[in-house]
Amino acid sequence: STALMELTADIDSFEKVVMDAEQYSQASEDDDVSDDGVEIMDVYIPRPNDLSTLRTLIAAWLHTGQAYRVLSIIIRAKHTILRPFYHKSAFLRNENYAKDFT
């Protein structure tokens, strides 16, 4: 939830950081590199205050009209934000499916 709060505080700079990191990771990585060496995180069970924070952030995004932009930034972060959580074949990390999702 800390990353989401940072994103909400300054959405433009967060988007720039994500896009710069994505470009860097794409340029330094071969297409044949697999995620087999990446440790998939254990199942995370959020604390009640984390859930409350997330609900508040989502409500704020919906209220201010930022929900689409936030989801778009997260979906474009295939090599940075999503990599530890989703296998390389997951639909959110597939360019075509991610575009359809948002």
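Residues numbered from 1 in each chain as written. Predicted model: local features only at pLDDT ≥ 70, side-chain atom pairs only at ≥ 80, totals over all residues. Heavy atoms only, no water.

### Brief notes about the overall build of the protein
- Helices and strands together make up the secondary structure of the protein, namely 5 helices and 0 strands.
- Per-residue burial over the protein gives 25% buried out of 102 residues.
- Sequence separation of at least 24 residues holds for 68% of the intrachain contacts in the protein that already meet a minimum separation of 6.
- For the protein, the computed accessible surface area is about 7,400 Å², with 57% contributed by carbon and sulfur atoms. (Helix = DSSP H or I, 4+ residues; strand = E, 2+ residues; numbered from the N terminus. Buried < 20%, exposed > 50% of the residue type's maximum accessible area, 1.4 Å probe, protein only. Contact = heavy atoms within 4.5 Å. Areas by Shrake-Rupley, 256 points an atom, 1.4 Å probe, with all protein chains shown as cover.)

### Structural notes on the environment of Arg 69
- The residue Arg 69 is located in helix α4 (residues 67–76) in this model.
- Using a relative accessible area of 26% as the deciding quantity, one classes Arg 69 as partly exposed.
- Setting aside anything within four residues of it in sequence, one finds Arg 69 in contact with Ile 11, Asp 12 and Glu 15.

### Some thoughts on the packing of helix α2 (residues 11–27) against α4
- Packing of α2 against α4 leaves a shortest axis separation of 10 Å and a crossing angle of 20 degrees. As far as their axial angle goes, α4 and α2 are roughly parallel. For the pair α2 and α4, the sense of crossing is left-handed. Taken together, the residues of α4 that come into contact with α2 (itself represented by Ile 11, Asp 12, Phe 14, Glu 15, Val 18, Met 19 and Glu 22) are Arg 69, Val 70, Ile 73 and Arg 76.
- Looking at the contact of α2 with α4, its residues break down into 6 nonpolar, no polar and 5 charged. (Axes fitted to C-alpha atoms, helices over the stretch in contact; angles between N-to-C directions. Parallel < 35°, antiparallel > 145°, perpendicular 65-115°, else oblique. Left-handed = near helix turned anticlockwise from the far one by under 90°. Nonpolar A, V, L, I, M, F, W, Y, C, P; charged D, E, K, R; others polar.)

### What to know about the confidence of the model for the protein
- Averaged over every residue, the pLDDT of the protein is 76; residues scoring 70 or more account for 79%.
- When the elements of the protein are averaged for pLDDT, helix α1 (residues 2–9) gives the smallest value, 75, and helix α3 (residues 48–64) the largest, 87. (pLDDT = per-residue confidence, 0-100.)

### Some thoughts on the side chain of Glu 15
- Tracing the sequence through the fold places Glu 15 in helix α2.
- Only 2.7 Å separates the side chain of Glu 15 from the side chain of Arg 76, close enough to count as a polar contact.
- Each residue touching Glu 15, except ones within four places of it in the same chain, is listed here: Arg 69, Ile 73 and Arg 76. (Polar contact = N/O pair within 3.5 Å; in protein donor to acceptor, adjacent residues only side chain to side chain.)

### Some remarks on the pattern of salt bridges
- Counted under the stated rule, the structure contains 5 salt bridges.
- For the salt bridge of Arg 76 with Glu 15, the shortest nitrogen-to-oxygen distance reads 2.7 Å. Here Arg 76 is found in helix α4, whereas its partner Glu 15 is found in helix α2, with 61 residues between them in sequence.
- Between Arg 47 and Asp 50 there is a salt bridge; the shortest N-O distance is 3.5 Å.
- Under the relative-accessibility criterion, Asp 50 is labelled buried at 13%.
- One network of salt bridges, with partners in common, ties together Asp 12, Glu 15, Arg 69 and Arg 76. (Salt bridge = Lys/Arg side-chain N within 4 Å of Asp/Glu carboxyl O.)

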